[in-house]
Amino acid sequence: MTPAKLAEVVLAAARAVFTGRGLDLSALPERTAVERPRNPEHGDYASTLALQLSKKSGVPPRELAAEVADQLGRAPGIKSVEIAGPGFLNIRLDAAAAGQLARVVVEAGEAYGHSERFAGQRVNLEFVSANPTGPVHIGGVRWAAVGDALSRLLRAAGADVTTEYYFNDAGSQIDRFARSLRAAARDEPTPEDGYRGAYIGEIAAAVAAKNPEAAEKDEKDSLEIFRVDGVNIMFDEIKSSLSDFGVHFDVYFNEKQLHDEGELDLALERLRAEGHIFEADGAVWLRTTDFGDDKDRVLRKSDGDWTYFAGDCAYYLDKRQRGFDRVVIMLGADHHGYVGRMRAMSACFGDDPDSNLEILIGQLVNLVENGEALRMSKRAGTTLTLEDLVDKIGVDAARYALARYSIDSPIDIDVELWTRSTRDNPVYYVQYVAARTASVGRNAADVGLTRGASDAFHPELLDHEKELDLLKSLGDYPAVIIAAAELREPHRVARYLEDLAGAYHRFYDNCRILPYGDEEITDTHRARLWLNDATRTVIANGLGLLGVTAPERM
RNA sequence: GCGCUCGUAGCUCAGUGGAUAGAGCAGGGGUCUUCUAAGCCCAGGGUCGCAGGUUCGAAUCCUGCCGAGCGCACCA
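Within each chain, residues carry numbers counting from 1 in the order of the written sequence. Labels are handed out in written order, letters beginning with A for the chains and numbers beginning with 1 for the ligands. Totals for whole chains, interfaces and linings use every residue, but because this is a predicted model, local features are given only for residues with pLDDT of at least 70 and side-chain atom pairs only at 80 or more, for both listing and counting. In computing side-chain properties, one takes all heavy atoms of the structure into account and sets aside hydrogens as well as water.

Considering the overall build of chain A
Alright, step 1. We count a stretch as a helix when DSSP gives it H or I for four or more residues in a row; a strand needs E for two or more, and each element gets its number in order from the N terminus. Within chain A, the secondary structure is distributed over 20 helices and 14 strands.
Alright, step 2. With respect to the three principal axes, the spread of C-alpha positions in chain A is 85 × 65 × 40 Å.
Alright, step 3. Only protein chains enter the area calculation, which uses a 1.4 Å probe; residues under 20% of their type maximum are buried, those over 50% are exposed, and those in between are partly exposed. Looking at the 554 residues of chain A, the share that counts as buried comes to 50%.
Alright, step 4. It only takes one pair of heavy atoms within 4.5 Å for two residues to be counted as in contact. Summarising the internal contacts of chain A: among those between residues at least 6 apart in sequence, 70% fall at separations of at least 24.
Alright, step 5. Per element, the accessible surface of chain A, about 24,900 Å² overall, is 47% carbon and sulfur.
Alright, step 6. Only four residue types enter the charge count, namely Lys and Arg as positive and Asp and Glu as negative; His and the chain termini do not. Lysine's charge is taken at NZ, arginine's at CZ, aspartate's at CG and glutamate's at CD. Distance between charge centroids for chain A: 3 Å, based on 64 positive and 89 negative side chains. Per-residue and other accessible areas follow the Shrake-Rupley method at a 1.4 Å probe size, with only the shown protein chains counted as cover for residues.

Right, dumping it as structure tokens:
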């Protein structure tokens with residue numbers, strides 16, 4: 001029995017009690033969940049439903065709990081139900097009901113943990129969104145790992161997800177980029193406001209190789225070549241390194257489209273129609289202070305140019321008009337000052353910023369080597385890039401390290417730790433279980449041990465404490481995915497996998513899976529192989545959500 | 001000054017209003033005649049920053065204060 005199924009049974013029991021007493025059924029929640037008590041004396045699972053319903057029903061919690069317990073006790077698969085404390089229901093399962101989970105997992109395979117919880121929700125996830133003036137730096141990499149994991153999580157939970165990368169290949173930043181490239185190609189010093197760093201020389205050389213006269217033409221034509229070719233080469237490099245990192249976007253959205261298709265004007269007119277536009281000092285403003293922003297924001301400057309914020313408005317409107325009811329944007333902590341104006345902008349369009357717009361702010365990332373943070377310096381052009389991180393610790397460790405912490409927590413990635421092959425390196429600890437389960441599978445095949453037909457599976461034989469713990473951990477997985485997707489917190493998956501890995505290792509150390517020597521193969525061996533394979537399934541599924549491989553051997 | 005985030009074991013961090021707050025590391029002690037010891041087991045370690053409030057119940061929600069990081073453009 002899965003925890004989700006048990007929760008339904010608990011709710012059904014409560015419904016029966018309410019019906020019997022003639023209570024208002026509308027007081028019952030749509031769904032409930034059971035908890036995993038830390039203290040084993042509190043049973044396999046616990047429900048707080050009676051506590052929650054006591055006030056609404058006017059029945060004292062323990063009295064309500066007693067009646068629900070009475071109903072529950074008659075349900076199949078439930079061994080016992082006890083009432084504890086103010087009205088907790090402590091539930092124990094039959095060994096067979098618990099053990100069945102191994103079969104559920106193995107037979108579901110890659111689909112185990114998937115649900116339809118967010119079916120029908122259309123979510124747009126925008127992340128990274130670096131302009132093609134340089135490689136993806138380490139802050140952007142955090143979002144590549146977290147955003148991509150989040151997209152996988154939301155899809156697993158049934159949402160309709162589109163991932164987007166927003167970029168601008170025109171404007172003053174790109175002009176600076178082009179001038180920096182041209183200067184490098186001509187062996188001139190980098191312009192005062194230019195981009196530095198080794199990559200500038202490399203891109204400049206690549207442009208020159210493709211177009212040998214580029215540096216020699218008159219300045220206007222020359223800059224145009226460096227601008228167009230430089231941006232193309234840079235963007236290809238960005239896409240290529242993201243691809244190597246396992247991250248692909250559904251949509252690459254160019255700011256230029258907003259200009260070309262008149263979307264900026266359209267957005268302005270929409271905002272004007274909503275009554276939030278005013279003009280002052282020769283500029284066009286959005287009155288974001290109507291919705292809690294610190295100050296009003298300029299959309300069109302007095303020189304007639306649009307601001308970057310105007311692009312944000314038009315882009316937001318574009319997303320909404322494409323049918324996304326949830327627009328999620330991920331930004332670094334150094335951009336959190338944007339939240340107020342973005343939320344206000346959403347409200348100016350007549351939307352509800354609490355439900356239509358979500359801005360996730362991620363704290364910064366440091367790479368630490370030999371006890372020292374490798375600091376970035378824009379002046380010296382020493383930015384830490386995606387490649388630097390991958391070169392130091394590899395894709396799996398990088399993705400895991402970036403995804404295992406709450407985005408509210410700044411991360412120091414210790415190069416030495418994340419390349420270590422020991423218990424304290426979480427990605428190895430989890431991957432080791434993947435390799436171990438695979439190894440057991442190979443050895444089982446060698447000695448002729450197979451799971452056999454599913455009707456030959458005897459779940460009640462999985463009654464060792466460590467087997468039951470492992471089964472419970474496997475049962476937690478679907479709820480972890482839903483919670484992680486709903487709260488936009490992929491780190492929950494990593495933390496869960498570490499718990500599961502621990503449960504598997506303890507099972508492995510206590511419960512021999514394969515027969516010894518010439519020992520005859522029994523139903524216990526087969527049942528344990530089901531459990532082994534179920535674990536492999538969940539570890540692989542969970543690592544897959546994080547974009548991390550589940551190796552066959554290590 | 002205003003805003004956002006954070007403050008949990010010596011260190012790094014989990015912890016969606018539930019019962020006795022957890023994990024890893026550090027440091028101490030155990031554990032390999034057959035499935036990966038890259039593992040496992042045992043013990044120690046806490047004023048959940050401080051003070052109030054909300055309620056059956058608060059690390060979790062609210063208010064204030066203290067401390068740390070980041071941000072407050074007709075830049076992108």
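Now, onward.
Considering the protein's contact with RNA strand B
Alright, step 1. Think of it this way: one heavy atom of a residue within 4 Å of a molecule or strand is enough to make that residue near it. Inspection of the region around RNA strand B gives 64 residues, with His336, Tyr338, Tyr432, Arg436 and Ala483 positioned closest.
Alright, step 2. The contact atoms of RNA strand B, taken as those within 4 Å of the protein, divide so that sugar and phosphate hold 60%.
Alright, step 3. Within the side chain of Ser439, one N or O atom sits 2.5 Å away from a phosphate oxygen of RNA strand B.
Alright, step 4. N or O atoms within 3.5 Å of each other form a polar contact, as long as, within protein, one can give a hydrogen and the other can take it, and as long as residues adjacent in sequence are counted only when both atoms are side-chain atoms. Between RNA strand B and Asn443, the relevant distance is 2.8 Å, taken from a sugar or linking oxygen to a side-chain nitrogen or oxygen of the residue.
Alright, step 5. Of all the elements in the fold, those that place two or more residues in the surface near RNA strand B are helix H2 (49-57), strand S3 (88-93), helix H6 (172-185), strand S8 (283-286), helix H17 (426-446) and helix H19 (491-510).
Alright, step 6. Ranked by residues supplied to the surface near RNA strand B, first place goes to H17 with eight residues.
Alright, step 7. Of the residues belonging to the surface near RNA strand B, the class tally is 26 nonpolar, 21 polar and 17 charged. Charged residues are taken to be Asp, Glu, Lys and Arg, nonpolar residues to be Ala, Val, Leu, Ile, Met, Phe, Trp, Tyr, Cys and Pro, and polar residues to be all remaining types, Gly included.

Comments concerning the domain arrangement of chain A
Alright, step 1. An automatic or database domain assignment provides the domain bounds reported here. Once the domains are mapped, chain A shows domain 1 (3-93), domain 2 (127-258 + 363-415) and domain 3 (421-545).
Alright, step 2. The centre of domain 1, based on its C-alpha atoms, is set 30 Å off from the matching centre of domain 3.
Alright, step 3. Contact residues are listed per partner, giving four residues for domain 1 and four residues for domain 3.
Alright, step 4. Two parts placed together each lose some accessible area under a 1.4 Å probe, and the buried area is that loss summed for both. Interface area, domain 1 with domain 3, both sides summed: about 370 Å², of which 45% is carbon and sulfur.
Alright, step 5. Basic side-chain nitrogens of Lys or Arg form a salt bridge, by our definition, when they fall within 4 Å of a carboxyl oxygen of Asp or Glu. Put simply, Asp476 and Arg36 hold a salt bridge, and the shortest N to O gap is 2.5 Å.
Alright, step 6. The interface formed by domain 1 and domain 3 holds three residue pairs in polar contact (both at pLDDT 80 or more) in total.
Alright, step 7. Residue composition of the side of domain 1 that touches domain 3, grouped by class: two nonpolar, no polar and two charged.

What about the environment of Asp296?
Alright, step 1. One can find Asp296 in the loop between S8 and strand S9 (297-300).
Alright, step 2. Between the alpha carbons of Asp296 and Ala401 there is a distance of 39 Å; along the sequence they are 105 residues apart.
Alright, step 3. Dropping the residues within four chain positions of it, Asp296 is found in contact with Phe278, Trp285, Leu286, Arg287, Thr288 and Thr289.
Alright, step 4. There is a polar contact of 3.2 Å between the side chain of Asp296 and the backbone nitrogen of Thr288.
Alright, step 5. Side-chain polar atoms of Asp296 contact the side chain of Thr289, separated by 2.6 Å.

Overview of the packing of aromatic side chains
Alright, step 1. When two rings of Phe, Tyr or Trp (its six-membered ring) have centres within 6.5 Å they constitute a pair, described as stacked for plane angles under 30 degrees, edge-to-face for angles over 60, and tilted for the intermediate range. Summed over the entire model, instances satisfying the criterion amount to 19 aromatic pairs.
Alright, step 2. For the ring pair Tyr165 and Phe249, a centre distance of 5.3 Å and an interplane angle of 85° mean the geometry is edge-to-face. On the criterion of sequence distance, the pair formed by Tyr165 in strand S5 (residues 160-167) and Phe249 in the loop between helix H8 (219-244) and strand S6 (251-254) is long-range, its members being 84 residues apart.
Alright, step 3. On the numbers, 5.8 Å between centres and 15° between planes, the contact of Phe278 with Trp285 is stacked.
Alright, step 4. An aromatic cluster is built from Phe127, Tyr165, Phe167, Phe235, Phe249 and Tyr252, whose rings are joined through pairwise contacts.
Alright, step 5. By the criterion adopted, a ring carries a charge over it if an Arg CZ or a Lys NZ lies within 6 Å of its centre and within 35 degrees of its normal. Its end group placed over the ring of Tyr252, Lys239 keeps NZ or CZ at 4.6 Å from the ring centre.
Alright, step 6. One residue, Arg399, lies across the ring of Phe245, its end atom 5.5 Å from the ring centre.

Describing the UniProt feature "domain: Arginyl tRNA synthetase N-terminal" (unreviewed entry) in chain A
Alright, step 1. Sequence positions flagged by UniProt for "domain: Arginyl tRNA synthetase N-terminal" (unreviewed entry) are, in local numbering, residues 4-93.
Alright, step 2. Across residues 4-93, the secondary structure splits into 43% helix and 18% strand, with the terminal C-alpha atoms separated by 14 Å. UniProt positions are given in the numbering used here, feature names are shortened, and annotations may be inferred rather than shown by experiment.

Here's the deal with the pairing of S3
Alright, step 1. By the bridge criterion, three bridges tie strand S1 (residues 45-47) to S3 in an arrangement that is antiparallel. Bridge assignment links Ala46 to a residue of S3, and that residue is Asn90. Here, any two strands with at least 2 DSSP bridges between them count as paired.

So, the nonpolar core
Alright, step 1. Formed by 142 residues in total, the largest nonpolar core has its most connected members in Ile78 and Ile413.
Alright, step 2. Looking at this core, the element that brings in the most residues is helix H5 (residues 138-156), giving eleven residues.
Alright, step 3. Not counting residues up to four positions away in its chain, the partners in contact with Ile78 are Met1, Leu6, Val9, Leu72, Gly73, Ile91, Arg92, Leu93 and Asp94.
Alright, step 4. Each nonpolar core is a collection of buried residues, namely Ala, Val, Leu, Ile, Met, Phe, Trp, Tyr and Cys, held together in the definition by side-chain atoms within 4.5 Å. Among the nonpolar cores identified, the runner-up in size contains 30 residues, and Val284, Leu286, Leu317 and Met342 belong to it.

Comments concerning the UniProt feature "short sequence motif: 'HIGH' region" (unreviewed entry) in chain A
Alright, step 1. Summarizing the sequence annotation, UniProt attributes the feature "short sequence motif: 'HIGH' region" (unreviewed entry) to residues 130-140 in the numbering used throughout.
Alright, step 2. Its end C-alpha atoms 7 Å apart, residues 130-140 is made of 27% helix and 0% strand.

Considering the pairing of strand S7 (residues 277-280)
Alright, step 1. Pairing of S7 with S8 involves four bridges; the strand directions are antiparallel. The partner of Ile277 across the bridge, within S8, is Leu286.
Alright, step 2. In textbook terms, the turn of a hairpin is the stretch between consecutive antiparallel strands, and for S7 and S8 this stretch comprises two residues, one of which, Asp281, has a positive phi near 55°.

Observations regarding helix H4 (residues 95-108)
Alright, step 1. Under the convention used throughout, the expected extent of a helix is 1.5 Å for every residue step, that is, one less than its residue count. Between its first and last C-alpha, H4 extends 21 Å over 14 residues, near the 20 Å set by a 1.5 Å rise per residue.
Alright, step 2. Buried within H4 are the following residues: Ala97, Ala98, Gly99, Leu101, Ala102, Val105 and Val106.

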